[in-house]
Amino acid sequence: MAPTNNLIFKVCRKNPELIPPAKSTPHEFKPLSDIDDQEGLRIQIPIIHFYRKCPSMQGKDPVKVIRDAIAKALVFYYPFAGRLREASGRKLVVECTGEGVVFIEADADVTLQEFGDALYPPFPCMEELLYHVPGSNGITNSPLLLIQVTRLKCNGFISACRINHTMCDSIGAAQFLCAIGEYARGAKTPSILPIWERQLLNARIPPRLSCTHHEYNIIPHTKENLISLDNTVRRSFFFGAKDISALRHLLPPNLRRSSKFQILAASIWRCRTIALSLCPNEDVKFLCTVNTRQHLPKGYYGNAVIFPAAITTAEKLSKSPLHYAIELIRKTISEATEEYVKSVADLMVIRGRPNFTELGTYLVFDLTRAGFSEVDFGWGKAVYSGPAEDNVDLISGAASFLTSVKNKNGEDEMLILICLPSNSMEVFVKELQLLMESARRSSISSAL
């Protein structure tokens, strides 16, 4: 496929508008959970969907269809039409004002085909496909959702949105977007009714720390231990079924049933650490994303993910075989019990809702099962669905997204977005190539 980041096109936008719920909704104050309103989640998350022309939708305007569907979905998801307020103790509360979400109608002089045979980030002209309306991107006292629908010359379209992360995690966001899709296809109510119940993830009274939380350690920054974010580059890396199978052959038998995420996350974490040339005795942490929805009612759309940290030193991680990193990640995930979740909520109240530890930290968001690929406005499944970019402010330069995509042959692959200083990226690419070559040799030897 030809690189898409050299593609240049024009986007003509109409003035942004506010879409309120289609019916009157309650004016009330709804507190977020103590997991929701932590400092590390006070960010905006960009999501994008690319759709092809659909003959059965001939004559229908995606802008009108989606605009009307948003208004209907907001009747059930009316907190999204409100605004966040910060109360005492930095507690975030949604004032359900019914003001609405920001909507932008746009047209681009480009076809879907011009993006190439396969679509993946970073996308060209992203700032035009998801326009950040001045004054709209605050965490408090600002719209909680912005959606831009851009028609393409080929009669396909792009739907891009920016969601306040304190309101929902990726699964909750996908649930809301799927509800919009259901209304767009003629539904009268969402198939999954939204559940608020944020008190289920609040701190205990009195709060008490019962677990160790390396992910929120306070570590002083110095010139020596800071990673420069100057001259960074972003690249997408792909892993097919054969690649993951080969990596499994590097593992001892007891670890070969590790998940795809665990194998890829460990591989990327190790190669990235080597590429950054950190001090040998410096602590490095991998934040594991653990979904706790098994303890919550169906339809809960708030943040239900915690981030326990696997921790070791740069030297130990770099010089050990791949299975060492996988063992660390698996052990950390196994320790993320219901008690651990309660302890995280308690920590937020006790320590004033702190941010994640940035120093030496790396995080991979697993979006492969979030549900973004299920968002269908009537034009079928998206050609690409997932993160629009990786430069979110969660952990500066140290957060990546893992998602599923189709290659030009229609085969499923895993895609991960990496951001590194340019010199480190060169080393990272070489280390990843060495790892994959070793994995393929091991796979071939096992087959003989």
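Residues numbered from 1 in each chain as written. Predicted model: local features only at pLDDT ≥ 70, side-chain atom pairs only at ≥ 80, totals over all residues. Heavy atoms only, no water.

Asker: Which residues make up the overall build of the chain, and what values do they have?
Answerer: Counting secondary structure elements, the chain contains nine helices and 18 strands. Taken over the C-alpha trace, the chain has a radius of gyration of 22 Å; the compact-globule value for 448 residues is 22 Å, and the two agree within 12%. Its C-alpha atoms give the chain principal-axis dimensions of about 60 × 55 × 40 Å. Among the 448 residues that make up the chain, the fraction classed as buried is 56%. Put simply, 81% of the contacts in the chain that link residues at least 6 apart link residues at least 24 apart. Of the roughly 19500 Å² of accessible surface on the chain, 51% is carried by carbon and sulfur atoms. Between the centroid of the 51 positive side chains of the chain and the centroid of its 46 negative side chains there is a distance of 4 Å. (Helix = DSSP H or I, 4+ residues; strand = E, 2+ residues; numbered from the N terminus. Rg over C-alpha atoms; globule rule 2.2 N^0.38 Å. Buried < 20%, exposed > 50% of the residue type's maximum accessible area, 1.4 Å probe, protein only. Contact = heavy atoms within 4.5 Å. Areas by Shrake-Rupley, 256 points an atom, 1.4 Å probe, with all protein chains shown as cover. Lys, Arg positive; Asp, Glu negative; His and termini not counted. Charge placed at Lys NZ, Arg CZ, Asp CG, Glu CD.)

Asker: Lay out the pairing of strand β17 (residues 399–406) in plain terms, naming residues and giving numbers.
Answerer: Judged by how many residues are buried, β17 sits mostly within the fold: six of eight residues are covered. Looking at chain direction, strand β15 (residues 361–366) and β17 are connected through four bridges and run parallel. Across the sheet, the residue bridging to F365 is F401, located in β17. When β17 meets strand β18 (residues 412–421), the two strands line up antiparallel, connected through five bridges. Considered in β18, the bridge of L402 is made with I416. Hairpin remark: β17 followed by β18, antiparallel, with five residues in the connecting loop; positive phi at G410, about 80°. (Pairing = 2+ DSSP bridges.)

Asker: If you had to explain empty space enclosed by the protein to someone new, which residues and values would you point to?
Answerer: Enumeration according to the criterion identifies one cavity of 30 Å³ or more in this entry. The calculated volume of the largest cavity comes to roughly 40 Å³. Contributions of two or more residues to the lining of the largest cavity are made by β9 (157–164) and α3 (170–184). Among the residues making up the lining of the largest cavity, the classes are represented as seven nonpolar, two polar and no charged. (1 Å grid on protein atoms, 1.4 Å probe; cavity = no way out; pocket = protein on both sides within 12 Å on 5 of 7 lines; lining within 4 Å. Points joined across faces, edges and corners; volume = space filled by probe spheres on them. Nonpolar A, V, L, I, M, F, W, Y, C, P; charged D, E, K, R; others polar.)

Asker: I'd like a rundown of the layout of surface pockets, residues and numbers included.
Answerer: Roughly 800 Å³ of internal volume is contained in the largest pocket. What lines the largest pocket is a set of 31 residues, and nearest its centre among them are T289, N291, D366, L367 and R369. Going through the elements one at a time, β4 (44–51), α3, α5 (260–276), β12 (290–291) and β15 are the ones with two or more residues in the lining of the largest pocket. Classifying every residue of the lining of the largest pocket gives 19 nonpolar, eight polar and four charged. Size it by volume and the second largest pocket reaches roughly 660 Å³. Along the wall of the second largest pocket there are 28 residues; nearest its centre are A382, V383, Y384, V405 and K406. Elements with a contribution of two residues or more to the lining of the second largest pocket: β16 (384–387) and β17. Counting residues per element, the lining of the second largest pocket draws most heavily on β17, at four residues. Considering only residue class, the lining of the second largest pocket consists of nine nonpolar, 11 polar and eight charged.

Asker: Tell me what's going on with the side chain of S385, and back it up with residues and numbers.
Answerer: For S385, the location among the structural elements is in strand β16. With relative accessibility at 9%, the residue S385 sits in the buried group. A polar side-chain atom of S385 sits 3.4 Å from the main-chain amide nitrogen of S373. Beyond its immediate chain neighbours, meaning those up to four positions away, S385 contacts I48, H49, F372, S373 and T403. (Polar contact = N/O pair within 3.5 Å; in protein donor to acceptor, adjacent residues only side chain to side chain.)

Asker: Quick one: what's the story with the state of the cysteines, residue by residue and with numbers?
Answerer: The bond known as a disulfide is covalent and runs between the sulfur atoms of two cysteines. According to the stated counting rule, one finds zero disulfides in the structure shown. For the unlinked cysteine C96, the closest cysteine sulfur is that of C168, found at 14 Å. A relative accessible area of 1% means that C96 is categorised as buried. C271 supplies the cysteine sulfur nearest to C419, a cysteine that is in no disulfide, at a spacing of 17 Å. (Disulfide = S-S within 2.5 Å.)

Asker: Tell me about the environment of T150, and name the residues and values.
Answerer: Secondary-structure assignment places T150 in strand β8 (residues 145–151). When neighbours within four sequence positions are excluded, T150 is seen to be in contact with V11, A106, D107, A108, L129, G156, F157 and I158.

Asker: Tell me what's going on with the pattern of salt bridges, and back it up with residues and numbers.
Answerer: In the structure shown here, the tally under the stated rule is 26 salt bridges. Across the pair E105 and K14 runs a salt bridge, and its minimum N-O distance is 3.5 Å. Placement of the pair is E105 in strand β7 (residues 101–108) and K14 in the loop between β1 (11–13) and β2 (17–19), with a sequence separation of 91 residues. Residue E105 is classed as buried on the basis of its relative accessible area of 11%. E95 is the partner of R85 in a salt bridge, and the nearest nitrogen-oxygen pair spans 2.8 Å. Of this pair, R85 sits in strand β5 (residues 83–86) while E95 is found in strand β6 (residues 92–95), placing the two residues 10 residues apart along the sequence. By relative accessible area, which is 14% here, E95 ends up buried. Beyond isolated ion pairs, a larger network of salt bridges with shared partners links K14, E17, D61, R67, E105, D107 and R151. (Salt bridge = Lys/Arg side-chain N within 4 Å of Asp/Glu carboxyl O.)

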